[in-house]
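Structure assessment
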Amino acid sequence: MAITVRNVNKRFGDFVALDDVSLEVPPGSLTGLLGPSGSGKSTLLRVIAGLETADEGDVFIGGHEATLLPPQRREIGFVFQHYAAFKHMTVARNVAFGLEIRKRPKDEVKGRVAELLHLVQLDGLGDRYPSQLSGGQRQRMALARALAVEPEVLLLDEPFGALDARVRSELRAWLRRLHDEMQVTTVFVTHDQEEAMEVADTIVLMDCGRIVQEGRPQELYDHPGSEFVMRFMGQVNRIGDAYVRPHDVEIRLQPNGTTQAAVVERVLHMGHHIRVDVSVNGGAPVSAQLTRDEAERLGLEPGRPVFVRPSRARTFAGTPS
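Overview of the structure. Keep in mind the model is a prediction, meaning the values are calculated, not measured.

What counts, and at which threshold
Residues numbered from 1 in each chain as written. Predicted model: local features only at pLDDT ≥ 70, side-chain atom pairs only at ≥ 80, totals over all residues. Heavy atoms only, no water. Helix = DSSP H or I, 4+ residues; strand = E, 2+ residues; numbered from the N terminus. Buried < 20%, exposed > 50% of the residue type's maximum accessible area, 1.4 Å probe, protein only. Contact = heavy atoms within 4.5 Å. Areas by Shrake-Rupley, 256 points an atom, 1.4 Å probe, with all protein chains shown as cover. Lys, Arg positive; Asp, Glu negative; His and termini not counted. Charge placed at Lys NZ, Arg CZ, Asp CG, Glu CD. 1 Å grid on protein atoms, 1.4 Å probe; cavity = no way out; pocket = protein on both sides within 12 Å on 5 of 7 lines; lining within 4 Å. Points joined across faces, edges and corners; volume = space filled by probe spheres on them. Axes fitted to C-alpha atoms, helices over the stretch in contact; angles between N-to-C directions. Parallel < 35°, antiparallel > 145°, perpendicular 65-115°, else oblique. Left-handed = near helix turned anticlockwise from the far one by under 90°. Core = buried A, V, L, I, M, F, W, Y, C linked by side-chain atoms within 4.5 Å. Pairing = 2+ DSSP bridges. Nonpolar A, V, L, I, M, F, W, Y, C, P; charged D, E, K, R; others polar.

1. Here we look at the overall build of the chain
- In terms of helices and strands, the chain carries 9 helices and 17 strands.
- Projected onto the principal axes, the alpha-carbon positions of the chain cover approximately 75 × 45 × 30 Å.
- Taken over 321 residues, the chain has a buried fraction of 48%.
- Sequence-distant contacts in the chain: of pairs separated by 6 or more residues, those separated by 24 or more amount to 64%.
- Of the roughly 15900 Å² that the chain leaves accessible, carbon and sulfur atoms contribute 48%.
- Charged side chains in the chain number 38 positive and 43 negative. The centres of these two groups are separated by 4 Å.

2. A look at empty space enclosed by the protein
- The full count for this structure, using the stated rule, is 2 cavities of 30 Å³ or more.
- If you add up the space inside the largest cavity, you get close to 80 Å³.
- For the largest cavity, the full set of lining residues is Tyr 221, Asp 222, Pro 224, Met 230, Tyr 243, Val 244, Arg 245, His 247, Asp 248, Arg 312, Ala 313 and Arg 314.
- Of all the secondary-structure elements, those providing two or more residues to the lining of the largest cavity are α7 (217–222) and β12 (242–244).

3. Overview of the side chain of Lys 41
- Along the chain, the position of Lys 41 falls in helix α1 (residues 41–49).
- In contact with Lys 41, other than residues within four places in its own chain, are Leu 33, Leu 34, Gly 35, Pro 36, Glu 158, Val 189, Thr 190, His 191 and Met 206.

4. Topic: the packing of helix α2 (residues 91–101) against helix α4 (residues 135–147)
- Axis separation between α2 and α4 bottoms out at 7 Å; the angle between their running directions is 30 degrees. Overall, the two elements α2 and α4 adopt an arrangement that is roughly parallel. For the pair α2 and α4, the sense of crossing is right-handed. In contact with Val 91, Asn 94 and Val 95 of α2, α4 contributes Met 141, Ala 144 and Arg 145.

5. Points about the nonpolar core
- By size, the foremost hydrophobic cluster in this structure holds 44 residues, and its most contacted members are Val 95 and Leu 154.
- Considering each element in turn, this core owes the most residues, 6 residues, to α4.
- Residues in contact with Val 95, not counting those within four places in the same chain, are Val 113, Leu 116, Leu 117, Met 141, Ala 144, Arg 145 and Ala 148.
- Membership of the second largest hydrophobic core comes to 25 residues, among which are Ile 76, Val 153, Leu 155 and Met 206.

6. Considering the sheet that holds strand β8 (residues 185–190)
- Pairing within the open sheet is mixed, and its 6 strands lie in the order β6-β7-β8-β3-β9-β10. In the strand order of this sheet, the two ends are held by β6 (76–79) and β10 (210–215), each with one partner. Within this sheet the neighbouring strands show an average axis-to-axis angle of 15 degrees, counted without direction.
- The sheet contact formed by β6 and strand β7 (residues 153–157) spans 4 bridges and is parallel. Counted as the bridge partner of Phe 78 is Leu 155 from β7.
- Contacts from α1 reach β3 (30–34), β6, β7, β8 and β9 (202–207), with the element oriented near 150 degrees to β7.
- Across the sheet, α4 lies against β6 and β7, angled at about 165 degrees from β6, the strand it touches most.

7. Section: the layout of surface pockets
- Computed from the structure, the largest pocket encloses a volume of approximately 640 Å³.
- Secondary-structure elements contributing two or more residues to the lining of the largest pocket are β6, α2 and α4.
- Broken down by element, the residue count for the lining of the largest pocket peaks at 4 residues, all from β6.
- Taken together, the residues of the lining of the largest pocket break down into 16 nonpolar, 3 polar and 4 charged.
- If you go around the second largest pocket, you meet 15 residues; those closest to its centre are Gln 193, Tyr 221, Gln 235, His 273 and Gln 289.
- For the lining of the second largest pocket, the elements supplying multiple residues, two or more each, are α6 (193–199), α7 and β16 (285–290).
- Per element, the largest residue contribution to the lining of the second largest pocket is 3 residues, and it comes from α6.
- Tallied by class, residues from the lining of the second largest pocket come to 5 nonpolar, 8 polar and 2 charged.

8. Structural notes on the environment of Thr 315
- Tracing the chain through its elements places Thr 315 in the segment after β17 (305–310).
- On a C-alpha basis, the gap between Thr 315 and Ala 173 in space is 34 Å, while along the polypeptide they are 142 residues apart.

Below, the structure written as structure tokens:
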């Protein structure tokens, strides 16, 4: 089911949360709303959900006007960062809640709950209470509860923000597999560009209440339309007027006419790659990303003179020197 947002504006007092925002979310897609704190991404999600009312503009879900519909009539499932679990209910009752208030037959509810607990890998945990689950398990329970009523649209507000790095990584991969299996139109909010790039089909990057750029993850990373996008979509170095990704910084032991003199400051082993911080002509540090074989071949260590050059760089109109 497609989502269409047209010319939406939203203010909170003097603060402009959304400034003439328009967005098309294709049916069955997984779209990430990405941006810094205060960029408007959560407000946009809440406007789509009906939890906030736009001051101006329209929202369509599945081609039908939804601007003034209450949340319960929008055919959506909503998952918050902090689970919003009913602590006095078992896991199974939490998942069944939406079905029970819709007066579904008990056998249907029981079967649907068992199916969903299996889907989110919580088999055998239906009789536990939320406090007896890990953070990752509680988040999967919240997703099962949102999916119980078979929503046409699934909205996730920073769904993994309260979890540690390892669990976040596991749940990102799990959410992607779940979406590929169910094909529910899904929109999720995150401030983590790595999370957005790993999970989303399309990234909508926001700043100051506006959509700055949208497209496939690799498109935003490789073809940023502005300095803001370049900086937000991953680590970047400033060399002169150019912006250079760490993996596009080449390190040599001898000059070749296009290189600049530098000195190695730090060599960090990051697991699958090596990060080398160098000082170029005594200026600000520049980070380079090398394979382990490359770093070993060059014999890099702090204090060693080297020569660097960008193999690929981007400049933007109006960038100050």
